[in-house]
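# Residue-level structure breakdown
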Amino acid sequence: DVPQPFPGPADGLIYTPSNPDGQFRGPLNLRDAMAAGLLPPAVVVANSQGMSRILSTAHRIGLNSLDETSADLSLLERGGAVSVLDTAYAYSVFAANGVMRGVDVEPIARGYRARDPVAVLRIEDADGQVLWDHDEEQIALSQTNIFEPGLAFLVNDILSDAETRSAVLSDERNLPALEQRAALVSGSAGDGEDHWAVGYTPQILAAVHLSRSGDSEAAADRTALDQAAPVWHDLMRYAST
């Protein structure tokens, strides 16, 4: 986790990634760096593996809005204008140990996901009368194995390691523990205007996106620990009761 230059989005431009808090933490093993969500180590991995391979994986797990025009390394920092639903659906593959579940659809292009999530289960009017209900007998759900379960387990183990994340970030504002261990990814994008938190247990997944337009950032704390993550935490607690 050190400052280092990479090729920018255009010829002659240099991209030097930094963490949202402006700090660099020096040599770290990859697991600790990924658990803490540090950007420079992630860019090192993306540069060595190639953004085309990363985008290919992103398409397979459901991020339909990313295309080849997003293929420079700065995508990892600026974000790719993905929807909350697509983001949640992508992380559900890890929550399900490498399996994508959903309704069969025609992929928007070769290599993209061939399923959609069932996003609406029921529609009611203001009086509570059911206008439409998801009928499992009429809507057939199927599944596709995207990753080996062992790989998904490793990712889940890293993202759920709150102790390592707190130690690397030296952060004393830890979220209260949920009743069940949960994986969590949180951070900011778009010059600090967008704050994200995506996390899950094997049973429940929630994604939170907070955004603010204008010249000012959503808050001085660009790590988003005081932004989307507490909303995610309370949402998970509510959904678990």
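Residue positions are given per chain, counting from 1 as you read along its sequence in written order. Per-residue local features of the predicted model are confined to residues with pLDDT of at least 70, and side-chain atom pairs are confined, for both listing and counting, to 80 or more; whole-chain, interface and lining totals are unaffected and use all residues. Computation of side-chain values: all heavy atoms of the structure, hydrogens and water removed.

### Observations regarding the overall build of the protein
Note the cut-off: Going along the chain from the N terminus, every DSSP run of H or I of four or more residues is numbered as a helix, and every run of E of two or more is numbered as a strand. Pairs of residues are marked as contacts when any of their non-hydrogen atoms sit within 4.5 Å. The accessible surface values rely on the Shrake-Rupley method and a 1.4 Å probe; as for residues, cover is taken only from the protein chains in view.
Looking only at helices and strands, the protein features eight helices and ten strands. Residue pairs in contact within the protein that sit at least 24 positions apart in sequence constitute 56% of those at least 6 positions apart. For the protein, the exposed surface amounts to about 14,000 Å²; the carbon and sulfur share of it is 52%.

### Quick look at the packing of aromatic side chains
Definition in use: We call Phe, Tyr and Trp rings a pair once their centres come within 6.5 Å, taking the six-membered ring for Trp, and we label the pair stacked below 30 degrees between planes, edge-to-face above 60, and tilted otherwise. Exposure is judged per residue with a 1.4 Å probe applied to protein chains only, and the accessible area is read against the type maximum: over 50% gives exposed, under 20% gives buried, and values in between give partly exposed.
Inspection of the entire model under this criterion finds three aromatic pairs. Aromatic pair Tyr-91 and Phe-94: ring centres 6.2 Å apart, planes at 50 degrees, arrangement tilted. Residue Tyr-91 and its partner Phe-94 are both found in helix α5 (residues 84-95); the two are separated by three residues, about one turn of the helix. Their ring planes at 40 degrees and their centres at 6.5 Å tell us that Tyr-91 and Tyr-200 sit as a pair that is tilted. Of the two residues, Tyr-91 sits in helix α5 while Tyr-200 sits in strand β9 (residues 194-200), which places them 109 residues apart along the sequence. With a relative accessible area of 22%, Tyr-91 lands in the partly exposed category. Here the aromatic residues Tyr-91, Phe-94, Phe-147 and Tyr-200 are joined through ring pairs into a cluster of three or more.

### Some points on unusual backbone geometry
The phi angle at Ala-81 is positive, at roughly 55 degrees, despite the residue not being glycine. In this fold, Ala-81 is placed in the loop between α4 (75-78) and α5. At Asn-97, a residue that is not glycine, the phi angle is positive and equals roughly 60 degrees. If you trace the backbone, Asn-97 turns up in the loop between α5 and β3 (99-104). Note on Asn-97: relative accessible area 38%, which makes it partly exposed.

### Concerning the nonpolar core
Applicable threshold: Nonpolar cores were defined as sets of buried Ala, Val, Leu, Ile, Met, Phe, Trp, Tyr and Cys residues, with membership established by side-chain atoms within 4.5 Å.
Residues Ile-61 and Leu-73 are the most contacted members of the largest nonpolar core, which totals 24 residues. Secondary-structure elements contributing two or more residues to this core are α2 (39-49), α3 (51-60) and α5. Counting residues per element, this core draws most heavily on α5, at five residues. Counting residues in hydrophobic clusters, the runner-up holds nine residues, among them Ala-206, Val-208, Ala-228 and Met-236.

### Side note on the side chain of Arg-113
Note the threshold: Distance and chemistry together define a polar contact, namely a pair of N or O atoms within 3.5 Å, with one atom able to donate a hydrogen and the other to accept it when in protein, and with adjacent residues in sequence counting only for side-chain atoms on both sides.
In this fold, Arg-113 is placed in the loop between β3 and β4 (115-116). Note on Arg-113: relative accessible area 8%, which makes it buried. Of the polar contacts made by the side chain of Arg-113, one reaches the backbone oxygen of Gly-62; its length is 2.6 Å. Ignoring sequence-local partners within four residues, the contact set of Arg-113 consists of His-59, Arg-60, Gly-62, Asn-64, Asp-86, Tyr-89, Met-100 and Pro-107.

### Concerning the sheet that holds β4
Cut-off, in case you're wondering: Pairs of strands are assigned from DSSP output, requiring at least two bridges between the strands.
Pairing in this open sheet of three strands is antiparallel, and the strands run β4-β3-β7 from one edge to the other. Looking at which strands have only one partner, the edges of the open sheet turn out to be β4 and β7 (141-145). Here β3 runs beside β7; their pairing, made up of five bridges, is antiparallel. When the bridges of β7 are listed, Arg-101 appears paired with Gln-143.

### A word on α2
Note: α-helices contain 3.6 residues per turn, so residues at a spacing of three or four share the same orientation. Within the span of α2, buried status applies to Leu-39, Pro-40, Pro-41, Val-43 and Ala-46. Residues of α2 that are buried sit in contact with β1 (6-7), β2 (14-15), α1 (30-35), α3 and α4. Backbone geometry just after α2 places Gly-50 at a positive phi near 95 degrees.

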